[in-house]
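So the chains spell out like this:
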Amino acid sequence: MSETHSHDDWPYPHPKQPDIEDGPITDLMIMTEAVTELMIDKAYFTADDMRRTLEVIDAKTPAEGARMVARAWLDEDFKARMLEDVNAAAEEMSIDSGVIPIRAIENTKDVHNVIVCTLCSCYPKHLIGLPPDWYKSRAYRSRVIREPRAVLKEFGTEIPDGVEVRVHDSTAELRYMILPMRPKGTGDMDEDTLAGLVTRDCMIGVTIIDRD
Amino acid sequence: MSARFAAGDEVRVRRASPPGHVRTPYYIRGKEGVVSRLIAEHPNPEELAYGRDGLPVLPVYWVRFRQSDLWPDYQGPEGDTAEVDIQEHWLEPVEDDGG
C-alpha cells in the first residue's frame, strides 16, 4: 500500500489508493460469504433478493426521523405517543420503522441527551439511515460515555454547565433516537420546513439545532 | 409478569463476570444507580445468543448513574449522568443498612 505512482502531466507522485481487497480478510467475512452462498444454493433467497435488501438498507436516510420530529414539535399529543413508542407513532405516519423497538429521548432546556452503544453499534437505521463511521468507532463508543462534554466539544457542541449531560447507552434490544429541542424563531414554519432543520447528528445528540 | 423494581428504586448492578454473551457493560458492574423507567420486556439475550428461547422474558430498565460514581476522575459537572438499559437479573436492591 506504500506503492506510489506519478501521472505523466503531474510531477508529484502520490500513494496508490488501496482497493477494498487490500485489507485483511477476516474469519467473519469468510463466514458471511459462505453462509450467503449456502442460503442462495439452498434457495432460501436469491442473489437478487440479497442485492435488493442491501439496496433498501443503503437507501435509508434521516428524512423519516426528521418528519417525526417535526410532527412532534407541532402536535403535543403525537409527541407524547412518540415518547412512549416510536414504532407505533411511525405507523401513524405510514413510516416503516422495522421490527426492533425504538424509543425517543427528549432533549429539554435542563437535559441534553446523547446516544451511544458502547458494546457494539446499535442504531435506529430505519428512521435515521445508516450510522456514520464515527458512531461505530471505538473512539466514540469508549469516550462519549466517559468524557461526553469533551467529545461534544469536538463536534462543535458546547453544553452549559447548568445543563445536565446524559449519555444513553443502548445495550439491550432497543434502539434510540433523540427528539431535539425546537429552535427559536420557527413558530411560523410548517411541518415540511421544520423537518428540513432536523439532521442526523441532532437525532444522535452530538449537536443541537442552531439557526443563528 | 411482575417487575421487581419501579421508577425511583435504588439498585446495584451485580458485580459478576459470567462467561458467554453478556450485555451488561463492565463500567457499571458493582455500581449503584436509580431506576428511571421500566422500558421493555425481552427474552434473555444471554440465552438467545446460544439458540435457546431466553424465556421467561425479563424486564429491561433504564438505570441512571451519576457520572462521578462511574468515573472517579470525571471532569464534568456533578449533575451529569449516564443511563443504561439493564435486564432485571443484573440488578439487586440497595439495602437500607440503617446508617
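Residues numbered from 1 in each chain as written. Chains lettered and ligands numbered in written order. Predicted model: local features only at pLDDT ≥ 70, side-chain atom pairs only at ≥ 80, totals over all residues. Heavy atoms only, no water.

Enquirer: So what's going on with the pattern of salt bridges? Residues and values would help.
Expert: Pairing is possible between side chains that carry opposite charge, provided their charged atoms lie close to one another. Enumeration over the complete set of coordinates arrives at 26 salt bridges over all chains. In this structure, Arg149 of chain A and Asp161 of chain A form a salt bridge, with 3.7 Å as the shortest nitrogen-oxygen distance. With Arg149 of chain A in helix 9 (residues 148-154) and Asp161 of chain A in the loop between helix 9 and strand 5 (164-169), this residue pair connects regions lying 12 residues apart in the sequence. Here Arg66 of chain B makes a salt bridge to Glu78 of chain B, at a shortest N to O gap of 3.5 Å. Here the residue Arg66 of chain B occupies a position in strand 3 (residues 58-66), and Glu78 of chain B occupies one in the loop between helix 2 (67-70) and strand 4 (81-87), the gap between them amounting to 12 residues. (Salt bridge = Lys/Arg side-chain N within 4 Å of Asp/Glu carboxyl O. Helix = DSSP H or I, 4+ residues; strand = E, 2+ residues; numbered from the N terminus.)

Enquirer: Tell me about the interface of chain A and chain B, and please be specific about residues and values.
Expert: With 24 residues of chain A at the interface, the matching set in chain B holds 25 residues. Buried area between chain A and chain B, both sides added, is near 2100 Å², and the carbon and sulfur share of it is 47%. Where chain A meets chain B, there are 4 salt bridges. Of the charged contacts in the structure, one is a salt bridge between Arg37 of chain B and Glu84 of chain A, with a shortest N-O distance of 3.8 Å. Run the count over chain A and chain B and you get 20 residue pairs in polar contact (both at pLDDT 80 or more). Counting only elements with at least two residues in the side of chain A that touches chain B, the list comes to helix 4 (76-84), strand 3 (102-106), helix 9 and strand 5 of chain A. With 6 residues, strand 5 of chain A is the largest single contributor of residues to the side of chain A that touches chain B. Partitioned by chemical class, the residues of the side of chain A that touches chain B number 11 nonpolar, 4 polar and 9 charged. The pairing of strand 5 of chain A with strand 4 of chain B spans 4 bridges and is parallel. Looking across to strand 4 of chain B, one finds that Asp169 of chain A is bridged to Val84 of chain B. (Contact = heavy atoms within 4.5 Å. Buried area = accessible area lost by both parts, 1.4 Å probe. Polar contact = N/O pair within 3.5 Å; in protein donor to acceptor, adjacent residues only side chain to side chain. Nonpolar A, V, L, I, M, F, W, Y, C, P; charged D, E, K, R; others polar. Pairing = 2+ DSSP bridges.)

Enquirer: Describe a nonpolar patch on the surface, with residues and values.
Expert: All names here are of chain A. On the surface, a cluster of nonpolar side chains totalling about 320 Å² of accessible area is made up of Ile25, Met29 and Ile30. By the secondary structure assignment, Ile30 is in helix 1 (residues 27-41). Note on Ile30: relative accessible area 48%, which makes it partly exposed. (Patch = residues over 30% accessible without salt bridge, like charges linked within 9 Å, V, L, I, M, F, W, Y side chains within 5 Å. Areas by Shrake-Rupley, 256 points an atom, 1.4 Å probe, with all protein chains shown as cover. Buried < 20%, exposed > 50% of the residue type's maximum accessible area, 1.4 Å probe, protein only.)

Enquirer: Describe the domain arrangement of chain A, naming the residues involved and giving the relevant values.
Expert: By domain assignment, chain A separates into domain 1 (29-59) and domain 2 (63-204). Between the C-alpha centres of domain 1 of chain A and domain 2 of chain A the distance comes to 31 Å. (Domains from an automatic or database assignment.)

Enquirer: An account of the pairing of strand 3 of chain A is requested, with residue identities and associated values reported.
Expert: All names here are of chain A. Burial runs high along strand 3: 4 of the 5 residues are buried. Relative to strand 6 (residues 175-179), strand 3 is paired through 5 bridges, and the arrangement is parallel. Residue pairing in the sheet places Ile102 in a bridge with Arg175 of strand 6.

Enquirer: Lay out the layout of surface pockets with the relevant residues and their values.
Expert: There is about 160 Å³ of room inside the second largest pocket. Lining the second largest pocket, in full, are Leu83, Ala104, Ile105, Glu106, Asn113 and Arg166 of chain A together with Ser36, Arg37, Trp62, Arg64 and Glu83 of chain B. Counting only elements with at least two residues in the lining of the second largest pocket, the list comes to strand 3 of chain A together with strand 2 (32-42) and strand 3 of chain B. Sorting elements by how many residues they give to the lining of the second largest pocket places strand 3 of chain A first, with 3 residues. The residue inventory of the lining of the second largest pocket, partitioned by class, reads 4 nonpolar, 2 polar and 5 charged. (1 Å grid on protein atoms, 1.4 Å probe; cavity = no way out; pocket = protein on both sides within 12 Å on 5 of 7 lines; lining within 4 Å. Points joined across faces, edges and corners; volume = space filled by probe spheres on them.)

Enquirer: Before we move on, can you summarise empty space enclosed by the protein with the specific residues and values?
Expert: All names here are of chain B. In total, this model carries 1 cavity of 30 Å³ or more according to the counting rule given. One number sums up the size of the largest cavity: a volume of about 60 Å³. Elements with a contribution of two residues or more to the lining of the largest cavity: helix 1 (45-48) and strand 4. Considering each element in turn, the lining of the largest cavity owes the most residues, 3 residues, to strand 4. When its residues are assigned to classes, the lining of the largest cavity shows 4 nonpolar, 4 polar and 3 charged.

Enquirer: Describe in detail the packing of helix 3 (residues 63-74) of chain A against helix 4 of chain A, supporting the description with residues and values.
Expert: Residue and element names in this part refer to chain A. One way to put it is that helix 3 packs onto helix 4 with a least axis distance of 5 Å and a crossing angle of 130°. When the axes of helix 3 and helix 4 are compared, the pair comes out oblique. Crossing angle aside, the handedness with which helix 3 passes helix 4 is left-handed. Residue-level inspection shows Met68, Val69, Arg71, Ala72 and Leu74 of helix 3 in contact with helix 4, the latter providing Glu76, Phe78, Lys79 and Met82. (Axes fitted to C-alpha atoms, helices over the stretch in contact; angles between N-to-C directions. Parallel < 35°, antiparallel > 145°, perpendicular 65-115°, else oblique. Left-handed = near helix turned anticlockwise from the far one by under 90°.)

Enquirer: Lay out the packing of aromatic side chains in plain terms, naming residues and giving numbers.
Expert: What the rule picks out here adds up to 9 aromatic pairs over all chains. On the basis of an interplanar angle of 25° and a centroid distance of 5.4 Å, the ring pair of Tyr27 of chain B and Trp71 of chain B is categorised as stacked. Here Tyr27 of chain B, found in the loop between strand 1 (10-13) and strand 2, pairs with Trp71 of chain B, found in the loop between helix 2 and strand 4; they are 44 residues apart in sequence, far enough to count as distant. In this pair, the class of Tyr27 of chain B matches that of Trp71 of chain B, namely buried. By way of ring pairs, the aromatic residues Tyr123, Trp134, Tyr135, Tyr140 and Phe155 of chain A are connected into one cluster. (Phe/Tyr/Trp six-rings, centres within 6.5 Å; stacked < 30°, edge-to-face > 60°.)

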